[in-house]
Amino acid sequence: MSAQRTIITTQVGIVGGGPAGLMLAHLLGRAGIDSIVVEKRDKDTIHATHRAGILEAATVRMLTESGVDGRVLTEGHEHEGTVLRFQGESHRIDFQDLVGHSVWLYPQNEVFRDLAAARERDGGDVRWSVTDTEVVDLTSDRPKIRFTDADGTLVEVQCEILVGADGSQGICKWAIPQEERIDNFIQYPFAWFGILAEAPPSAPELIYSNSEHGFALISSRSESVQRMYFQCDPDEDVDDWDDERIWAELQRRVEGPDGLRLKEGPIFDKTVLKFRSYVCEPLRYGNLFLVGDAGHTVPPTGAKGLNLAFCDVRALAPGLIEHFTTGDDSALAGYSAKALERVWKAQNFSYWVTNLMHTQPDEDPFHQKRRLGEFKAITTSARGAAYFAESYTGWPED
Ligand SMILES: Cc1cc2nc3c(=O)[nH]c(=O)nc-3n(C[C@H](O)[C@H](O)[C@H](O)COP(=O)(O)OP(=O)(O)OC[C@H]3O[C@@H](n4cnc5c(N)ncnc54)[C@H](O)[C@@H]3O)c2cc1C
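Calculation rules
Residues numbered from 1 in each chain as written. Predicted model: local features only at pLDDT ≥ 70, side-chain atom pairs only at ≥ 80, totals over all residues. Heavy atoms only, no water. Helix = DSSP H or I, 4+ residues; strand = E, 2+ residues; numbered from the N terminus. Rg over C-alpha atoms; globule rule 2.2 N^0.38 Å. Buried < 20%, exposed > 50% of the residue type's maximum accessible area, 1.4 Å probe, protein only. Contact = heavy atoms within 4.5 Å. Areas by Shrake-Rupley, 256 points an atom, 1.4 Å probe, with all protein chains shown as cover. Pairing = 2+ DSSP bridges. Axes fitted to C-alpha atoms, helices over the stretch in contact; angles between N-to-C directions. Near = heavy atom within 4 Å. Polar contact = N/O pair within 3.5 Å; in protein donor to acceptor, adjacent residues only side chain to side chain. Nonpolar A, V, L, I, M, F, W, Y, C, P; charged D, E, K, R; others polar. Phe/Tyr/Trp six-rings, centres within 6.5 Å; stacked < 30°, edge-to-face > 60°. Lys NZ or Arg CZ within 6 Å of the ring centre and 35° of its normal. Salt bridge = Lys/Arg side-chain N within 4 Å of Asp/Glu carboxyl O. 1 Å grid on protein atoms, 1.4 Å probe; cavity = no way out; pocket = protein on both sides within 12 Å on 5 of 7 lines; lining within 4 Å. Points joined across faces, edges and corners; volume = space filled by probe spheres on them. Expected span 1.5 Å × (residues − 1).

Asker: So what exactly am I meant to see when it comes to the overall build of the chain here?
Answerer: The helix and strand tally for the chain stands at 11 helices and 21 strands. Whereas a compact globule of 398 residues would reach a radius of gyration of roughly 21 Å, the chain reaches 22 Å, a difference of no more than 12%. Counting only C-alpha atoms, the chain reaches 70 × 45 × 40 Å along its principal axes. Per-residue burial for the chain yields a buried fraction of 55% across its 398 residues. Partitioning the contacts of the chain with sequence separation of at least 6, the portion at a separation of at least 24 is 72%. A total accessible area of about 17,100 Å² is found for the chain, and carbon and sulfur atoms account for 48% of it.

Shown next as structure tokens:
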């Protein structure tokens, strides 16, 4: 005989307590709609995971105007431009001048902290550290999330709408029968070697640098912690790289006639990040809706993932609110198509900027020179630069 489950009912059951799941729960809570968020990790582990850093203005507005927190404006850094560097020469793309927008450097850890604190402040139900999550009955009017709660209790959440916000390694999209979904997927022949170092910033804005040795991204986390990446083989072993070797590699990927030198310091985190692009179509199956990385992932070069996750939430929340308040399902019916339109624009930008900035393994002189031509077309033309600036800072909201 199977063990008894504690049954809980709610309007919206959400799998995944990352930025997408928590932001959706927050917006629904403000509209008086009940939700339960089920998350397999604990808060400290999520808070200690280093990921995104660049937020579009629309993402910042969602945090501040919906009452999550205004910390992004006081503790984040507004970047009015970014630097593209090819063959040791820097070219600044002035976002404000070209498209009238900025982006904000504010680490995903802090976004998570703000969202988790807002859920707690507002009395939201978030179950951390759950195990054995399952989603069932997705096409019925009572889809369910089953899981084991942190204290060992077996729980079944019965809801009207189930949202998969469980990231790229989640379970929800795989619960859609294979014949009902299209998996659009590519892998790239390179990865990023990411580090966190105790050092002062090397530059006031991000530097995207391509050199004959490959790509490097010079980013930042705070006045005393820097985030940097360099292109590497997907099978690179972090243990083969000591601090001295890493700094030498980063330095040679940015060196140039202007004498740019990175400010070095002790490295306390090293990871290899594989590059993939994925889109699940559609983003709905019965009463299951996918948001954020659960439905699509992009390589991090274009800084789009977290921003897209918030775009999905912006597209889904009004549909859910209408569903529960007026019974009108037209916005909900249009969610997948609306979200996918932006997802594919972001996929294109992320793919394009990744291939522009990275050196392909065994790249021949034709392709090297063609990429340089493309780079010049962006940096020596106001219209070319505006294309980059608009895509990077985020397209106008629909
Ligand atoms: C190195 C790096 C740099 C990046 N830089 C940027 C950037 O500058 N700008 C940007 O916009 N994006 C960036 N991104 C992408 C961004 O981090 C992701 O797109 C973002 O985290 C997506 O949020 P999410 O809520 O959809 O998914 P996630 O953050 O992955 O959250 C999903 C949650 O679901 C939970 N979960 C998974 N399975 C289950 C289960 N079975 N049961 C319960 N819970 C489950 C996970 O534990 C996780 O907490 C970067 C990513 C990386 C790796």
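Asker: When you look at the sheet that holds strand 12 (residues 154-158) in this model, what are you seeing that I'm missing?
Answerer: In a beta sheet, neighbouring strands pair by backbone hydrogen bonds and run either parallel or antiparallel. Strand order in the open sheet formed by 4 strands is 1-12-11-10, with mixed pairing between adjacent strands. A single partner strand is all that each edge strand has here, and the edge strands are strand 1 (6-9) and strand 10 (131-136). Direction aside, neighbouring strands of the sheet carry axes that sit 20 degrees apart on average. Bridging between strand 1 and strand 12 involves 4 bridges; their strand directions are parallel. Directly across from threonine 9, in strand 12, lies its bridge partner glutamine 158.

Asker: I'm lost on the site of the ligand in this one. Help?
Answerer: Surrounding the ligand, one finds 32 residues, the nearest of these being Glu39, Gln108, Thr133, Asp293 and Leu306. A distance of 3.1 Å separates a nitrogen atom of the ligand from a polar backbone atom of lysine 40. Summarising the interface, the protein chains cover 91% of the accessible area of the ligand, which totals 1,000 Å² for the free molecule. For the shell around the ligand, the secondary-structure elements that each account for two or more residues are helix 1 (19-30) and helix 8 (305-325). With 4 residues, the top contributor of residues to the shell around the ligand is helix 8. Considered class by class, the residues forming the shell around the ligand number 15 nonpolar, 10 polar and 7 charged.

Asker: Would you explain the packing of aromatic side chains in this entry?
Answerer: Under the counting rule described, the total for this entry stands at 22 aromatic pairs. The ring of tryptophan 241 carries the charged tip of arginine 245 above its face, separated from the ring centre by 3.6 Å. The aromatic ring of tryptophan 395 is capped on one face by lysine 304, whose charged end is 5.4 Å from the ring centroid.

Asker: Please clarify how the environment of leucine 316 should be interpreted in this entry.
Answerer: Residue position: leucine 316 is located in helix 8. With a relative accessible area of 0%, leucine 316 lands in the buried category. Sequence separation between leucine 316 and leucine 332 is 16 residues, and the spatial gap between their C-alpha atoms is 6.8 Å. Residues contacting leucine 316, with those up to four places away along its chain left out, are Leu24, Val163, Phe289, Val291, Leu332 and Tyr335.

Asker: Just checking my understanding: could you explain the pattern of salt bridges for this structure?
Answerer: Side chains that differ in charge, positive against negative, can pair when their charged atoms come close. Under the definition given, this model contains 24 salt bridges. Here arginine 252 and glutamate 249 are joined by a salt bridge, their closest N and O atoms 3.2 Å apart. A residue pair is termed a helical-turn pair when its members lie 3 or 4 positions apart in one helix, as arginine 252 and glutamate 249 do in helix 7 (residues 243-254) at 3 residues. Judged by relative accessible area, arginine 252 falls into the partly exposed class, the value being 35%.

Asker: Help me out: how do you make sense of the pairing of strand 17 (residues 225-232) in this one?
Answerer: Walk down a regular strand and you will see the side chains alternate between the two sheet faces. When you tally the buried positions in strand 17, you get 8 out of 8 residues, the bulk of the element. Of the two faces of strand 17, the one lined by Val225, Arg227, Tyr229 and Gln231 and the one lined by Gln226, Met228, Phe230 and Cys232 are each fully buried. Adjacent in sequence and paired antiparallel, strand 16 (residues 214-220) and strand 17 are bridged by 4 residues.

Asker: Would you take a moment to explain the layout of surface pockets for this structure?
Answerer: Gaps left between atoms are located by rolling a probe of water-molecule size over the structure's atoms. Roughly 320 Å³ of volume is contained in the second largest pocket. Lining the second largest pocket are 19 residues, with Gln87, Asn210, Ser211, Glu212 and Gln368 positioned closest to its centre. Elements supplying a minimum of two residues to the lining of the second largest pocket: strand 15 (207-211), helix 7 and helix 10 (365-379). When residues of the lining of the second largest pocket are assigned to their parent elements, the largest contribution, 5 residues, is made by helix 10. A class-by-class count of the residues in the lining of the second largest pocket yields 4 nonpolar, 8 polar and 7 charged.

Asker: What is the right way to read the sheet that holds strand 9 (residues 125-127) from this model?
Answerer: Spatially, the 6 strands line up as an open sheet ordered 9-3-2-13-20-19, and their pairing is mixed. At either margin of the open sheet sits one strand with a lone partner, and together these are strand 9 and strand 19 (284-285).

Asker: Just checking my understanding: could you explain helix 11 (residues 382-393) for this structure?
Answerer: Along an α-helix, a turn takes 3.6 residues, which lines up residues three or four apart on a common side. Compared with an ideal rise of 1.5 Å per residue, which puts 12 residues at 16 Å, helix 11 spans 16 Å between its outermost C-alpha atoms and is within 8% of the ideal. Those residues of helix 11 that fall on the buried side of the exposure criterion are Gly384, Ala385, Phe388, Ala389, Ser391, Tyr392 and Thr393. With a side-chain oxygen lying 3.2 Å from the backbone nitrogen of arginine 383, the N-terminal cap of helix 11 falls on serine 381. A positive backbone phi angle near 110 degrees is found at glycine 394, which sits one or two residues after helix 11.

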